[in-house]
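Coordinates in review
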Amino acid sequence: MSVPPRDRGKSHPSGGRAGGMDDAALSNDDLRIETSPDGLVVRATIDREAKRNAFNEAVIEGLMGALGAASDGDPRVFVVRGTGGTFCSGGDMSEMPIGQGAQAYRENFSGLARLLRAMRDANVVTVAAVEGYCLAGGCGLAAGCEFVVASEDAEFGTPEVRVGLFPAQAMAPITRAVGEKQALRLLFTGEHIDAADAKEIGLVTEVHPAEEFEAGLDETVDAIARNSPVMLSMGKEAYYAQRDMGYDDALSYLKEVIALLALSEDTEEGVEAFLTDRDPEWKGR
């Protein structure tokens, strides 16, 4: 089996573990990293309001660095959001290497692909907190998260088709989140859809009125973060591993996963806590 329980550090009374993130070192001028006091939740805020929080190299490299640090440390949840009431408008077109040749374009466009892989492989559950515009590569970023929590004022779309670009990399997470016909609608028309429509087609996990958005987001994040870090890690890895398997292969693989998970100290603690009617003290192994 390739999914052994992972020891993520020693437990402390609050359910988190000793050690933490260096938020200041992981932040940069375009990305703000903040870790919750208990160390279980990282919030990454894209801070390029004048550019509608468009990606640039600093944002992508910053997110990848923070994901790596979170995966190696205590956090269980990684929240991505934008400042100023906008999630992300995709890549910064003013930084495209116009006239510099094919290799320059390949390097320029590789950032989102690397980020999406890092999100999938991260040892944390990712949550997109979407307000306002969630467009182009930003739509791909949100779709690549395990959870998408949206404000009712959010708008989703891939408008780059209107300037002759195809949302090629965003297509990978979008087509895995929604049905084929609705994905094609998004990918080829460039139209915007609202949060309610995005939820209906499977692009969004939940939608909240604007005035209730923060409370709804916190509730979802807390519901994830209170769980066993071993369960979260193994469960996420198993989900992506089995997704492209045949049905029988998936069942065989997942039988082994649940057997390994049952051997973890966290599962033993969780069962004992349930039987004695108390909150579990997760050990992270």
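Refer to the structure above for everything that follows.
Predicted model only: the values in this text are computed from it and were never measured.

1. Topic: the sheet that holds strand β2 (residues 41-46)
The strand order across the open sheet formed by 6 strands is β1-β2-β3-β4-β6-β9, and the pairing between neighbours is mixed. Edge positions in the sheet fall to β1 (31-35) and β9 (206-208), since each of these pairs with one other strand and no more. Adjacent strand axes in the sheet meet at a mean angle of 20°, parallel and antiparallel pairs treated alike. Both strand β3 (residues 77-82) and strand β4 (residues 125-130) contribute to a ladder of 5 bridges, which runs parallel. In the strand pairing of β4, Val80 is matched with Ala128. Across the sheet, helix α2 (residues 57-72) is in contact with β1, β2, β3 and β4; its angle to β3 comes to roughly 160°.

2. What about the pattern of salt bridges?
With the rule as written, the count across this model stands at 15 salt bridges. The salt bridge partner of Arg81 is Glu131, with a shortest N-O separation of 3.0 Å. One end of the pair, Arg81, is in strand β3; the other, Glu131, is in the loop between β4 and β5 (133-135), and 50 residues separate them in sequence. Comparing Arg81 with Glu131 shows no difference in burial state: the two are buried. Between Arg81 and Glu214 there is a salt bridge, and its shortest N-O distance comes to 2.6 Å. With a gap of 133 residues between them, Arg81 in strand β3 and Glu214 in helix α8 (residues 213-225) connect regions that are remote in the sequence. Where salt bridges share partners, they join Glu269, Glu272, Arg278 and Lys283 into one cluster.

3. Concerning a nonpolar patch on the surface
A cluster of nonpolar side chains, namely Phe166, Leu184 and Phe188, defines an oily patch on the protein surface of about 290 Å² accessible area. By relative accessible area, Phe188 is classed as exposed at 55%.

4. A closer look at the environment of Ala142
Tracing the backbone through its elements, the reader meets Ala142 in helix α4 (residues 137-143). Sequence-wise, Ala142 and Pro173 are 31 residues apart; in three dimensions their C-alpha atoms are separated by 8.6 Å.

5. Examining the sheet that holds strand β8 (residues 193-194)
Strands pair in a sheet through their backbones, by hydrogen bonds, and they do so in one of two ways: parallel or antiparallel. Strand order in the open sheet formed by 3 strands is β5-β7-β8, and the pairing between neighbours is mixed. Every interior strand has two partners, whereas the edge strands, β5 and β8, have only one. In this structure, β5 lies alongside strand β7 (residues 155-157), joined through 3 bridges in parallel fashion. By the bridge assignment, Leu135 is partnered in β7 with Gly157.

6. Describing the environment of Leu263
Here Leu263 lies in the loop between α10 (247-262) and α11 (265-275). Given the relative accessible area of 70%, Leu263 is considered exposed. In sequence terms Leu263 and Arg285 are 22 residues apart; their C-alpha atoms lie 9.6 Å from each other.

Conventions used here
As a convention, each chain's residues are numbered from 1 in the sequence order in which they are written. Local features in this predicted model are restricted to residues whose pLDDT is 70 or higher, and side-chain atom pairs enter the listing and the counts only when it is 80 or higher, whereas totals over whole chains, interfaces and linings include all residues. Each side-chain value is worked out from all heavy atoms of the structure, with water and hydrogens disregarded. Pairing between strands is defined by DSSP: at least two bridges between the two strands are required. Under the DSSP-based scheme used, a helix requires at least four consecutive residues in state H or I and a strand at least two consecutive residues in state E, with every element numbered from the N terminus. In this analysis an axis means a line fitted to C-alpha atoms, helices contributing only their contacting stretch, and an angle means the value between N-to-C directions, from 0 to 180 degrees. Whether two residues are in contact is decided by their heavy atoms, any of which lying within 4.5 Å being enough. What makes a salt bridge here is a side-chain nitrogen of Lys or Arg within 4 Å of a carboxyl oxygen of Asp or Glu, nothing more. Each residue is assigned to one of three classes by its accessible area relative to the maximum for its type, calculated with a 1.4 Å probe on protein chains only: buried under 20%, partly exposed between the two thresholds, exposed over 50%. Put simply, a patch holds well-exposed residues, over 30% relative accessible area, that have no salt bridge, with like charges counted together within 9 Å and Val, Leu, Ile, Met, Phe, Trp or Tyr side chains within 5 Å. We get accessible surface area from the Shrake-Rupley algorithm with a probe of 1.4 Å; when it comes to residues, only the shown protein chains can shield them.

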